[in-house]
Amino acid sequence: MEAEVKEFIVRDLWSITAIIILTYVFTGFLYIVGSAFGGSSGSLSTSSNIDPFAYRAVGSSIVVLSMMILSAMGQYIYSSILSGRLEALLASPISLSAVLVVTAIPMMIFGLSIFMATAAPAIYIALSKYGVITAIESIAIIAIGMIPLFVLGFLLSIAIAKLGSPVILNLSQAFIFTFSGALYPLIILPELLRLLPLSLPTYYIAEALRGLISSESQSLALGGVPRLLIVTLAYGSIGSILYRRFSRSIRGGVAA
Amino acid sequence: MVLLRSTILRSFSADLWRGVLVNFRGVDPWVEMISSPIWVLGLVLAIASQNPSILRDPITVKDICWSIVVFSMISDKLWIVGHMLDREKRSGVLENILVSNIPLSIHTLSPIIVSMLWSLASLGIILITVFPILGVNPAPIDPVLTAIGYILSDIVAAGIAMLYAPAVIKLRRPWIFTTFFQFTLPLISGIIPQSYVPPEIRGVIALNPLSYPVEILRRGATGSSYIDVQIGEAFMISIAGIAILYMIGMLSLIIARRMIIKRGV
Amino acid sequence: MLAVDARDLIKRYVTKRRRGLFGGEKVVIEALKGVSFSFEKGSIFGLLGPNGAGKTTTVKILATILLPDGGDAYIEGFSVTKEAHRVREILGVVFSADRGFYARLTGLENLIYYGMLYGLSGFDARRKAEELLDLVDLGDSRHRLYEEYSLGMRARLALAKALIHDPSVVILDEPTIGLDPVSSRRIREILKKLSREGKSIMITTHNMWEAEILCNYVAVIMSGRIVASGSPEDLRKRYGGQRYVEIEVLDPPDDLRVGDFEVVRNDGEIAVLRTRSSEDIASSIEKALLEARSLGLRIASIRVREPSLEDVFVEVVGNPTKI
């Protein structure tokens, strides 16, 4: 496992660096265009006092991370079917769930590193304002938050495998991007559409993080962490039910 | 000469026919197209969140929407036209194209038209979905000027992508550069008011051939003016920009073909 | 007239061998080191060699999509370096059996497209495409998308595409690799038919048996050089070694020994015995039969095993694991 992670990182170091830089480019794009139209002193949130750039850094890094996980997990089963790897996995003594977990672990390490690099402004605020524990808590929030993201990616993967085409990947990434609840406050959305971010884990990750670093209190603030844990449990339960159904159906026959 | 011209025309029409079939056949392309307005909505809201009160100003929101339409147009060109040769190299098609006598420059022209059709279809969907959701009237102030500006912008953006295409084949991870340009090129193409831009960047915007058709598009669509230039002047600069861009683009593709043949596909 | 005349082709690739995260050194790979061969119009020529020998590089140079660093080649008298335009008009190429087409177009649409690229009108391209699809037994699948085609179907479509502009010379790079026996046989039949019609064919392969039954003339390439060339018959005589007489006997004893015979196999039910044959095959066979009968062996069959092109290849290339 250690060797795989090492090889993964060395081989893809340029890609990792690029993703970090591009996330800042994206954040900068939003900040520049937003400032050009709305002024640089505009307040991003009606309910918290947070530096706009840090707000955007948190939002952008959550969105980039989500889209990366969706893309990687979403194509996993479909590409395994096409390449014949799934049949080899099913025939092996290792369970499919073990394989999925083992695949997810390097991605989680990778994702955490990317998050720390891309949300550095926010983590710096947490560190300087409240100390190491709060900074560590912010990283722990993203680590917990990745679990429902992986489940979401897995659900997408099943859908793509059933449809036999990865076309809905772009559509789902557009959906996550727009309705993540991480890039802007919910209040900006038309009322009818506000339910959408509430169904996605990205909203709760963003709320937990922003609540943590914008709190006026110096004591350990839990903010949106309890809600994030509930969402994680809910997604985990849905994921395990669907996984059991899926693994039964896939052993019934793998269609290329 | 007549035979050469008829072969080129025939090849061009074959590529156009092929491009339309490949990019518009079946359900998949339409599902992809539905994602365009969702991306646009997300970007507009993320931008507006800098100062949410501007969402109550339909003129500003309309300006932002058209800026993102231009962003979307540039993205389409970079990914569809810019990566065309790379896609064909990976699928083995490029070898078959090289072994025929069709020049790469002609082969690239028809995907430009196809990508313009794609952007136009996306624009239609955006106008009837995103604009009403945000409470904005999609009707442009001057439809003729808007159409002229849109078409010229699309042609220039495609020309820039055509210049980029030969580089994409050589890069190991072209998606990195394309994503970078996707966000930076619109910023220097007049999508934000010049008053916000530092003087050095204003110089870059003035030199960018894409800035002028975008200005024509904006004045027609919203009546706003971001660059200090007369419409007639902007039009002439756009035409000159197109001529220069495409000449350089064709030349770069001729050179690219020679380099590919020297080093191998 | 020569269909293809390659003279001293040289090709070098410069690549980078990576070391760690940032380091790397330039490496020059000499893919071709002076390759020369030729064959007559209307014949079928085979370029044989192991993986990495330089077959595909040679094909790409002949196809005018790769410039040699030295030497030149002529396709029916036209230089691939100086008259590439003319070469492309008379040359059809199959680079890969399973790539090179648009997945979302049907087989028919793909062929019409390529036909029009070669200057055919839409009408002519369609007519020719329909004809070729029937020739390669894809008539019933003409309206199916390329992405739905099996490997065998893709290989046949690739051959049809190479013929769309009625070239006089056709080059195929490993046309039957990965195909089932039925598809492979069909492709070989089509190539033989094309050769009878006067087209010049060149194939690259490392399937010796296929080269043996198809080619009038072969060359063996190894590490960028031609190491042997001639007709299959010539090569067998020069490099293939001896003929053998082989006898199959039933119910052999465990300790079977027969004169000069080598026991190739003995599983208790059937044994195969082999001895070198002299120039006079009839007397070698007679001698073998007499020896076997004198020991009371029950003879099931007798055959003369000729040296094969595979024997030639192994002898010339030197290491069978390289194939």
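Small disclaimer: the values here were computed from a predicted structure and weren't measured. The written sequence of each chain sets the order in which its residues are numbered from 1. For naming, the first written chain is A and the first written ligand is 1, with later ones following in the order written. Residues qualify for local features only when their pLDDT is at least 70, as the model is predicted, and side-chain atom pairs are given and counted only at 80 or more; totals for whole chains, interfaces and linings, by contrast, use all residues.

### With respect to the overall build of chain B
Thought 1: Where helices and strands are cited, they refer to DSSP runs of H or I of at least four residues and of E of at least two residues respectively, numbered from the N terminus. Scanning chain B from terminus to terminus reveals 11 helices and 0 strands.
Thought 2: Along its sequence from the N terminus, chain B presents helices and strands in the succession α-α-α-α-α-α-α-α-α-α-α.
Thought 3: Since a compact globule built from 265 residues should have a radius of gyration of about 18 Å, the 19 Å found for chain B is in line with a globular shape.
Thought 4: Overall, chain B is about 60 × 40 × 40 Å in size when its C-alpha atoms are taken along their principal axes.
Thought 5: The burial label depends on the number of other C-beta atoms within 10 Å of a residue's C-beta. Counts of 20 or more mean buried, 12 or fewer mean exposed, and intermediate counts mean partly exposed, with C-beta atoms placed from the backbone. Per-residue burial for chain B yields a buried fraction of 49% across its 265 residues. Here the globule rule is a power law, 2.2 Å times the number of residues to the power 0.38, and the radius of gyration is based on C-alpha atoms.

### Here we look at the overall build of chain A
Thought 1: A count of helices and strands for chain A gives 12 helices and 0 strands.
Thought 2: In sequence order, chain A lays out its α and β elements as α-α-α-α-α-α-α-α-α-α-α-α.
Thought 3: Relative to all contacts within chain A whose residues are 6 or more apart in sequence, the contacts with residues 24 or more apart total 76%. Placing C-beta atoms from the backbone, we regard two residues as in contact once those atoms come within 7 Å.

### Describing the interface of chain B and chain A
Thought 1: The partner chain A presents 34 residues to the 34 residues of chain B that form the contact.
Thought 2: Elements represented by at least two residues in the side of chain B that touches chain A include exactly helix 2 (28-48), helix 3 (58-80) and helix 8 (174-187) of chain B.
Thought 3: Top element by residues in the side of chain B that touches chain A is helix 2 of chain B. It accounts for 13 residues.
Thought 4: Residue polarity is assigned by list, with Asp, Glu, Lys and Arg as charged and Ala, Val, Leu, Ile, Met, Phe, Trp, Tyr, Cys and Pro as nonpolar; anything else, Gly included, falls into the polar class. Partitioning the side of chain B that touches chain A into residue classes produces 21 nonpolar, 9 polar and 4 charged.

### Things to note about the sheet that holds strand 12 (residues 262-266) of chain C
Two modes of strand pairing occur in sheets, parallel and antiparallel, and in both the strands are linked by backbone hydrogen bonds.
Residue and element names in this part refer to chain C.
Thought 1: If you trace the 4 strands from one edge of the open sheet to the other, you get 12-13-11-14, paired in antiparallel fashion. Sheet topology places strand 12 and strand 14 (298-305) at the edges, where each strand pairs with a single neighbour. On average, adjacent strands in this sheet sit at an angle of 20 degrees to one another, irrespective of strand direction.
Thought 2: Only when DSSP finds a minimum of two bridges between them are two strands counted as paired. With 4 bridges connecting them, strand 12 and strand 13 (residues 270-276) associate as antiparallel partners. By the bridge assignment, Arg-265 is partnered in strand 13 with Val-272. Here, axes are lines fitted to C-alpha atoms. For helices the fit covers the stretch in contact, and angles between N-to-C directions go from 0 to 180 degrees.

### Topic: helix 3 of chain B
Thought 1: A helix is expected to span 1.5 Å multiplied by its residue count minus one. With 23 residues, helix 3 of chain B extends 32 Å from end C-alpha to end C-alpha; this agrees with the ideal 33 Å at 1.5 Å per step.
Thought 2: Within helix 3 of chain B, 19 of the 23 residues are buried, leaving the element largely enclosed by the surrounding structure.

### Side note on the pairing of strand 3 (residues 44-48) of chain C
Residue and element names in this part refer to chain C.
Thought 1: When you tally the buried positions in strand 3, you get 5 out of 5 residues, the bulk of the element.
Thought 2: Burial of strand 3 is two-sided: the residues Ile-44, Gly-46 and Leu-48 facing one way and the residues Phe-45 and Leu-47 facing the other way are all buried.
Thought 3: In terms of strand pairing, strand 3 meets strand 8 (residues 200-205) through 5 bridges, oriented parallel. Opposite Ile-44, over in strand 8, you have Ile-201 as the bridge partner.
Thought 4: Pairing geometry for strand 3 and strand 9 (residues 217-222), over 4 bridges, is parallel. Across the sheet, residue Leu-48 finds its bridge partner in strand 9, namely Val-220.

### A word on the pairing of strand 8 of chain C
Residues and elements named next belong to chain C.
Thought 1: Across the 6 residues that make up strand 8, a large majority, 6, are buried.
Thought 2: Residue alternation in strand 8 divides its side chains into two sets, Ser-200, Met-202 and Thr-204 and Ile-201, Ile-203 and Thr-205, and both sets are buried.
Thought 3: Note that strand 7 (residues 169-173) and strand 8 share 5 bridges and pair parallel. Opposite Val-170, over in strand 8, you have Ile-201 as the bridge partner.
Thought 4: Seen with its strands pointing away from the viewer, a crossover is right-handed when the path leading from the first strand over the helix to the second is clockwise. Regarding topology, helix 6 (residues 181-196) serves as the crossover connection from strand 7 to the parallel strand 8, and that connection is right-handed.

### A short note on the environment of Pro166(B)
Residue and element names in this part refer to chain B.
Thought 1: As for its placement among the helices and strands, Pro-166 is situated in helix 7 (residues 143-170).
Thought 2: Accessibility expressed as a C-beta count within 10 Å gives 22 for Pro-166, which makes it buried.
Thought 3: The sequence separation of Pro-166 and Asp-86 amounts to 80 residues, and the corresponding C-alpha distance is 8.4 Å.
Thought 4: In this structure, Pro-166 is in contact with Leu-85, Ser-252, Leu-253 and Ala-256, ignoring residues within four places of it in sequence.

### Some thoughts on helix 4 (residues 84-91) of chain B
Residues and elements named next belong to chain B.
Thought 1: All buried positions along helix 4 are accounted for by Met-84, Leu-85, Asp-86 and Glu-88.
Thought 2: Close packing links the buried residues of helix 4 with helix 3, helix 5 (93-99), helix 6 (104-133), helix 7 and helix 8.
Thought 3: Positioned one or two residues after helix 4, Gly-92 has a phi angle of 85 degrees, which is positive.

### Observations concerning the sheet that holds strand 7 of chain C
Residue and element names in this part refer to chain C.
Thought 1: Reading across from one edge, 6-7-8-3-9-10 is the order of the 6 strands in this open sheet, with mixed pairing throughout. Each end of this open sheet is capped by a strand with a single partner; those strands are strand 6 (91-94) and strand 10 (225-230). Ignoring which end each strand starts from, the neighbouring axes of this sheet average 15 degrees apart.
Thought 2: Contacts from helix 6 reach strand 3, strand 7 and strand 8 within the one sheet, and its direction differs from that of strand 8 by about 150 degrees.

### Concerning the environment of Leu120(C)
Residues and elements named next belong to chain C.
Thought 1: Along the chain, Leu-120 falls in the loop between helix 3 (107-117) and helix 4 (122-135).
Thought 2: By C-beta crowding, Leu-120 is classed as buried, having 22 other C-beta atoms within 10 Å.
Thought 3: For the pair Leu-120 and Ile-247, spaced 127 residues apart in sequence, the C-alpha separation works out to 59 Å.
Thought 4: Discounting residues that sit within four places of it in the chain, Leu-120 has contacts with Gly-115, Ala-125, Lys-128 and His-165.

### Some remarks on the nonpolar core
Thought 1: If you look at the biggest cluster of nonpolar residues, it comprises 220 residues, and the most contacted ones within it are Ala122(A), Val44(B), Cys65(B), Leu62(C), Leu159(C) and Ala160(C).
Thought 2: Broken down by element, this core gets its largest block of residues, 13 residues, from helix 8 (residues 132-163) of chain A.
Thought 3: In this structure Cys65(B) touches Val44(B), Val130(B), Phe131(B), Leu134(B) and Val136(B), once residues within four positions along its chain are discounted. Among buried residues, those of type Ala, Val, Leu, Ile, Met, Phe, Trp, Tyr and Cys that are joined through C-beta atoms within 7 Å form a set called a nonpolar core.

### Examining the packing of helix 3 of chain B against helix 7 of chain B
Residues and elements named next belong to chain B.
Thought 1: Running from amino to carboxyl end, helix 3 crosses helix 7 at an angle of 35 degrees, the nearest separation of the two axes being 8 Å. Every pair of crossing elements has a handedness; the one defined by helix 3 and helix 7 is right-handed. Between helix 3, through Val-70, Met-73, Ile-74, Lys-77 and Leu-78, and helix 7, the contact on the second element is made entirely by Ser-153, Asp-154, Ala-157, Ala-158, Ala-161 and Tyr-164. Each crossing gets its hand from how the near helix is turned against the far one by less than a right angle, where anticlockwise is left-handed and clockwise is right-handed.

### Looking at the packing of helix 8 of chain A against helix 9 (residues 167-179) of chain A
Residue and element names in this part refer to chain A.
Thought 1: Taken N-terminus to C-terminus, the directions of helix 8 and helix 9 make an angle of 150 degrees; their axes are 9 Å apart at the nearest point. Judged by the angle between their axes, helix 8 and helix 9 are roughly antiparallel. As for the relative orientation of helix 8 and helix 9, their crossing is right-handed in sense. For the pair formed by helix 8 and helix 9, the contact residues are Leu-156, Ala-159, Ile-160 and Leu-163 on the first element and Ile-168, Leu-169 and Ser-172 on the second.
Thought 2: Partitioning the contact of helix 8 with helix 9 into residue classes produces 6 nonpolar, 1 polar and no charged. Angle categories: roughly parallel below 35 degrees, roughly antiparallel above 145, roughly perpendicular from 65 to 115, and oblique for all the rest.

### Description of unusual backbone geometry
Peptide bonds are trans in most cases, and residues, glycine excluded, mostly fall at negative phi.
Residues and elements named next belong to chain C.
Thought 1: Positive phi outside glycine occurs at Glu-76, with the angle close to 50 degrees.
Thought 2: Inspection of the secondary structure puts Glu-76 in the loop between strand 4 (70-75) and strand 5 (78-79).
Thought 3: Accessibility expressed as a C-beta count within 10 Å gives 18 for Glu-76, which makes it partly exposed.
Thought 4: Even without being a glycine, Glu-174 presents a positive backbone phi close to 50 degrees.
Thought 5: Structurally, Glu-174 is set in the loop between strand 7 and helix 6.
Thought 6: Using a count of 22 C-beta atoms within 10 Å as the deciding quantity, one classes Glu-174 as buried.

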